[in-house]
Amino acid sequence: MKAIAAVALNTFREAIRDRVLYLILAVALVVVGGSRFVAMLTVGSEIKIVKDLGLAAISLFGLLIAVFVGVSLVSKEIERRTVYTLLAQPVARWQFVAGKYAGLLLVLASNVLVVGSAVLAAVAVMGEPPWVLVPAIALILVELAVVAAFAVLFSSFTNPILAAVGTVAVYVTGHLSWSFDLLKKRVAAGLARSLCDGLHAVLPNLDRLDLKAEAVHGAAIPAGTFAAAAAYGAFYALAVVVLACVVFERREFA
Amino acid sequence: MSAVIDIRDLRKSFRGHLGIGSHVAVDGLTLAVEPGEIFGLLGPNGAGKTTTLKMLLALVRPDAGTVRLFGRPPKDVAARARLGFLPENPYFYDYLTAVEFLDLYGRLHGLDAATRKRRIEAAIERVGLKGREGTPLRKFSKGMVQRVGLAQAIQHDPELVILDEPMSGLDPVGRREVRDLILALKAQGKTIFFSSHILQDAEMICDRVAILFKGKLRAQGRLDDLMSPDAKWVEVTVRGPVPAGITGERRLNPDGTTLLTLPGFDALAPVVSAVTAAGGTIAGVWPRRESLEDLFLREIGRAQVEEHVS
Amino acid sequence: MSRRAAAAALFAFAALAAGWARARLDTLEAPRAGTKELLYLPNGKYLRAASLGQAPIVADVVYFWAIQYYSDYGREDRYKYIEHVFGTVIPELDAHFIDPYWLGALILTTEAGDVEGGLRLLDLGAERNPHEWILPFLAGWECDHAKEYDRAAAYFDRAARIPDAPAALVRLVAGMRARGGNLREAIAKWEEVLTDPRGDDVSHAIARRQVRTLRVRADLKDLDAAVLAFRERRGAPPRRLEDLVRAGLLGRVPLDPDGKPYGYDPATGTVSSEASRVLGS
């Protein structure tokens, strides 16, 4: 456990000292701050724009970090050969991967916290109670955790570019889950349909973690739905991280 | 007491690009490193030294054979807890300072905060980095990186220290410091296993060596056993006329003197008389024993001949 | 090897747990599913796919664009795609975004004179957002303008039934019924308002007056019709209103809300009432 914490903290420290992170954070905060002015362009409710832009900022910039920090997490160590001394330590390989993932989660959580607070503040300043957005923001973090898990998985066996492509592909298909329903109706029963069903069940259904529209329109999210969605995302991420540990365990460093 | 490192019939080959062809990196290597000795794994580049070290550290899985550290397989975390490792041309997290870097590795060894502080200070002192602890590794020169790497390898007081080409890229002062460090570690009762292609350093400090060439073990044992202690030949430099009839090679030096190579000390006395009688003067006498380099080149030559024949 | 087994076990556990959570989500999602099904209309869904999980903000962007687009009054075929944009594309991305529904409807009814199109948009919005009273309210308003009082009354009624809708909407229902000539129903509605404990003094006063006025109108209307029938049958208006009863053209002679008989001039056959006077008594 201590080893995982040590690796996690080190990963967090590395990200914190990377200027690119602050650039992304700054842009996100500018978007949130500027949403107030963008809202003036609309006919109708101004606050919707502030909420929409805010939640989109948390989601998109978090995604940027999850992908670009995540895919280089393991591959950079291998490329720079810092992994050699690290693995010579009395640390199991799975602890190394788990620590990296935990560190990435810390970075993502910090980002969501900072930008999320800014969004809540922007909404409160416009006179509406912002707390209804909190469950949606929490689920954004869960979604980011799933994406980050895939980033670490791909990073453990391939180079950063392929890993980034793979992770983005997973994110996109994760949001196209509804199209599987359409496909199932059009495809004849048999092997193709089974393949469809299989893919649909296995790929992450990220739409389920997306309650942004509900939150923006003030619809109350029942506790049961929130818990089920959070549990789905958390366990899915856990499964992917376990897979990443297994892959990394088998890896050779020639 | 059992061997610290025990390698039996180790084999590893790598597939070529796109799966075409394969390259045998290590071919049937057997060696053992006893506690408290300095063991050198020698060979030219590409001999399989680094691959062997990686198999020692579970970075690479052998195709066949066994590797044991303190009697346990390298994957065993308990075995790795008792060793320190420095890779070739190391690179460390450049966003950390030296202290933060050593602290991280200390944590990974499960040292508590007080012990870490003590050990880190001692290690930094020992490798000569005092005063630079707070500098980010980004700003370190190659020599300093090597030192902090050594610090990381020894700070947790390991029984076995494994070094891959520890002297590479260092100036003579740096190399002397590393040699001294290795000797000091041996004095503390530690076992040191290092690979190198710089034979002079190995000759100076190793108790035993193994010579690797193209994945195969060519020679192994104590230096004294491998190399004859008697003077193999004597080199005499003569100024002025050289008498005829002297057995052995002669070569003209650029400064006009002549270098005579005599087969042994026995031949020395008559040659000195002959030269003096001919009117020349003896400028210098060097008894030469076979150096490690000579042994090395001899073994390689033999290996190449074998290859040619087969 | 036990580590391998542990990893496999943990993976299996996590995968099963995730599968269970998702199954639960699917059952919980059922109420929403109805709404989602409506979004699977052609063309809009590609935009949704391209939005990659950022549908609400893309809905806003399309809305902005639409406002800019329709601000240009020089365009040809201005009204051709309004239903598509405000009724299909934007709702595809965000079904709960209210403004596009009424903005599109407003443009259609006010500028293009296409009331049916506007009502379609408002119906669409109301269907997906059954808790928004403003949409059926605006639909009722449009029908009122188009003088379709029965439909207007139905819309206002629908709006009034939504929880949290303003109480005044019931009055609009009554008003529309009256305008549509449905006097009996209007009176019934107004009596509802009168007896509604949630209403304030003002609404009760209005209701009281309306009930009174409409009752007079209804009575006068019945009497006029009966007199006309009598005239046609007998060639002359009756001498007294009681004659209408005897002739079987009226059930009984109604009294005005004050209990007084209605005025009748046998010479002209006109019925009148003083109860309609504002300041009279």
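Residues numbered from 1 in each chain as written. Chains lettered and ligands numbered in written order. Predicted model: local features only at pLDDT ≥ 70, side-chain atom pairs only at ≥ 80, totals over all residues.

### What about the overall build of chain B?
Part 1 of the argument: Within chain B, the secondary structure is distributed over ten helices and 13 strands.
Part 2 of the argument: Along the three orthogonal principal directions, the C-alpha set of chain B runs to about 75 × 50 × 45 Å.
Part 3 of the argument: For chain B, buried positions account for 36% of its 310 residues.
Part 4 of the argument: Contacts in chain B between residues at least 24 apart in sequence constitute 69% of all its contacts with a sequence separation of at least 6. (Helix = DSSP H or I, 4+ residues; strand = E, 2+ residues; numbered from the N terminus. Buried ≥ 20, exposed ≤ 12 C-beta atoms within 10 Å, placed from the backbone. Contact = placed C-beta atoms within 7 Å.)

### A word on the overall build of chain C
Part 1 of the argument: Per the secondary structure count, chain C includes twelve helices and two strands.
Part 2 of the argument: Traced from its N-terminal end to its C-terminal end, chain C shows the element sequence α-α-α-α-α-α-α-α-α-α-α-α-β-β.
Part 3 of the argument: Relative to the globule expectation of 19 Å for 281 residues, the C-alpha radius of gyration of chain C, 30 Å, shows a markedly less compact shape.
Part 4 of the argument: Each principal axis of the C-alpha distribution contributes one length, and for chain C these read about 115 × 55 × 35 Å.
Part 5 of the argument: Across the 281 residues that make up chain C, the buried fraction comes to 36%.
Part 6 of the argument: Summarising the internal contacts of chain C: among those between residues at least 6 apart in sequence, 49% fall at separations of at least 24. (Rg over C-alpha atoms; globule rule 2.2 N^0.38 Å.)

### Observations concerning the environment of B:V178
Residue and element names in this part refer to chain B.
Part 1 of the argument: Checked against the element boundaries, V178 lands in helix α6 (residues 172–187).
Part 2 of the argument: Given 22 C-beta atoms within a 10 Å radius, V178 is considered buried.
Part 3 of the argument: Sequence spacing of V178 and I162 is 16 residues, and the spatial spacing of their C-alpha atoms is 13 Å.
Part 4 of the argument: Discounting residues that sit within four places of it in the chain, V178 has contacts with P166, M167 and L170.

### Looking at the interface of chain C and chain A
Part 1 of the argument: Opposite the 28 residues of chain C that make contact, chain A presents 39 residues.
Part 2 of the argument: At the level of secondary structure, the elements contributing two or more residues to the side of chain C that touches chain A comprise α1 (2–38), α3 (55–71) and α5 (99–111) of chain C.
Part 3 of the argument: The element best represented in the side of chain C that touches chain A is α1(C), accounting for twelve residues.
Part 4 of the argument: Each residue belonging to the side of chain C that touches chain A can be placed in one class, and the counts come to 20 nonpolar, three polar and five charged. (Nonpolar A, V, L, I, M, F, W, Y, C, P; charged D, E, K, R; others polar.)

### Focus on the nonpolar core
Part 1 of the argument: If you look at the biggest cluster of nonpolar residues, it comprises 216 residues, and the most contacted ones within it are A:A148, A:A149, A:V152, A:V241 and C:F156.
Part 2 of the argument: Here the element with the most residues in this core is helix α6 (residues 134–155) of chain A; it accounts for 17 residues.
Part 3 of the argument: Those residues in contact with C:F156, other than ones at most four positions away along the chain, are C:F137, C:G140, C:L169, C:L172, C:V173 and C:M176. (Core = buried A, V, L, I, M, F, W, Y, C linked by C-beta atoms within 7 Å.)

### Looking at the domain arrangement of chain B
Part 1 of the argument: As far as domains go, chain B holds domain 1 (5–226) and domain 2 (233–288).
Part 2 of the argument: Between the C-alpha centres of domain 1 of chain B and domain 2 of chain B there is a distance of 45 Å. (Domains from an automatic or database assignment.)

### Some points on the sheet that holds strand β6 (residues 160–164) of chain B
All names here are of chain B.
Part 1 of the argument: Reading across the sheet, the six strands line up as β5-β6-β7-β3-β8-β9 and stay open at both edges, with mixed pairing between neighbours. The open sheet is flanked by β5 (83–86) and β9 (216–222), the only strands paired with a single partner. Between one strand and the next, the sheet's axes are offset by a mean angle of 15°, whatever the strand orientation.
Part 2 of the argument: Here strand β3 (residues 38–42) runs beside strand β7 (residues 191–196); their pairing, made up of five bridges, is parallel. (Pairing = 2+ DSSP bridges. Axes fitted to C-alpha atoms, helices over the stretch in contact; angles between N-to-C directions.)

### Topic: the interface of chain B and chain A
Part 1 of the argument: Contact residues are listed per partner, giving 23 residues for chain B and 20 residues for chain A.
Part 2 of the argument: Mapped by element, the contributors of at least two residues to the side of chain B that touches chain A are α2 (77–80) and α3 (98–108) of chain B.
Part 3 of the argument: Of the residues in the side of chain B that touches chain A, the class split is 16 nonpolar, three polar and four charged.

### Looking at the pairing of strand β12 (residues 258–262) of chain B
All names here are of chain B.
Part 1 of the argument: The sheet contact formed by strand β10 (residues 233–239) and β12 spans five bridges and is antiparallel. Bridge pairing in β12 links V236 to L260.
Part 2 of the argument: Sheet analysis places strand β11 (residues 249–252) next to β12, joined by four bridges and oriented antiparallel. Paired with E249 across the bridge in β12 is T261.
Part 3 of the argument: Where β11 folds back onto β12 in an antiparallel hairpin, the turn is made up of five residues, including G256, whose phi is positive at roughly 95°.

### Details of the domain arrangement of chain C
Part 1 of the argument: On domain assignment, one finds that chain C holds domain 1 (35–129) and domain 2 (215–272).
Part 2 of the argument: In this structure, domain 1 of chain C and domain 2 of chain C have C-alpha centres spaced 55 Å apart.

### Description of the sheet that holds strand β4 (residues 64–69) of chain B
Residues and elements named next belong to chain B.
Part 1 of the argument: Reading across from one edge, β2-β1-β4 is the order of the three strands in this open sheet, with antiparallel pairing throughout. Two strands close off the open sheet at either side, each with one partner strand: β2 (22–33) and β4. Neighbour-to-neighbour, the strand axes of this sheet turn through a mean angle of 25°, independent of strand direction.
Part 2 of the argument: Across five bridges, the pairing between strand β1 (residues 5–15) and β4 is antiparallel. Opposite I5, over in β4, you have L69 as the bridge partner.

### Looking at the packing of helix α3 (residues 47–80) of chain A against helix α5 (residues 93–125) of chain A
All names here are of chain A.
Part 1 of the argument: Interhelical geometry of α3 versus α5 gives an angle of 165° and a closest axis separation of 10 Å. In terms of orientation, α3 and α5 fall into the roughly antiparallel class. Classified by chirality, the crossing of α5 by α3 is right-handed.
Part 2 of the argument: Residues belonging to the contact of α3 with α5 are distributed by class as follows: 19 nonpolar, five polar and two charged. (Parallel < 35°, antiparallel > 145°, perpendicular 65-115°, else oblique. Left-handed = near helix turned anticlockwise from the far one by under 90°.)

### Describing helix α10 (residues 292–309) of chain B
Part 1 of the argument: Given a rise of 1.5 Å per residue, 18 residues ought to cover 26 Å, and the 26 Å separating the end C-alpha atoms of α10(B) matches this to within 8%.
Part 2 of the argument: Among the structural elements, β3, α7 (199–205), β8 (208–213), β9 and α8 (223–226) of chain B are those in contact with the buried residues of α10(B). (Expected span 1.5 Å × (residues − 1).)

### Remarks on the arrangement of the chains
Part 1 of the argument: In this assembly two pairs of chains touch, with chains A and C having more contacts than any other pair.
Part 2 of the argument: A gap remains between chain B and chain C, with no contact made and the closest C-alpha atoms lying 11 Å from each other.

### Points about the environment of B:A187
Residues and elements named next belong to chain B.
Part 1 of the argument: Relative to the helices and strands, A187 is located in helix α6.
Part 2 of the argument: Note on A187: 9 C-beta atoms within 10 Å, which makes it exposed.
Part 3 of the argument: Here the alpha-carbon distance between A187 and R68, two residues 119 residues apart in the chain, equals 24 Å.

### Topic: unusual backbone geometry
Residue and element names in this part refer to chain B.
Part 1 of the argument: In this structure, N89 is a non-glycine residue whose phi angle is positive, near 45°.
Part 2 of the argument: We classify N89 as partly exposed; it has 13 C-beta atoms within 10 Å.
Part 3 of the argument: The phi dihedral of K214 is positive, around 50°, even though this residue is not glycine.
Part 4 of the argument: In this fold, K214 is placed in the loop between β8 and β9.
Part 5 of the argument: Of the residues examined, K214 has 19 C-beta atoms within 10 Å and is grouped as partly exposed.

### Quick notes on the packing of α6(A) against helix α11 (residues 223–250) of chain A
The relative placement of two packed helices is expressed as an angle between their axes plus a distance between the axes.
Residues and elements named next belong to chain A.
Part 1 of the argument: For the pair α6 and α11, interaxial distance at closest approach is 8 Å and the crossing angle is 15°. It follows that α6 is roughly parallel to α11 by the angle criterion. By crossing handedness, the relation of α6 to α11 is classed as left-handed. Between α6 and α11, the contacting residues are P135, L139, V142, E143, A145, V146, A149, F150, V152 and L153 on the first element and F226, A229, A230, G233, A234, Y236, A237, V240, V241, L243, A244 and V247 on the second.
Part 2 of the argument: Partitioning the contact of α6 with α11 into residue classes produces 20 nonpolar, one polar and one charged.

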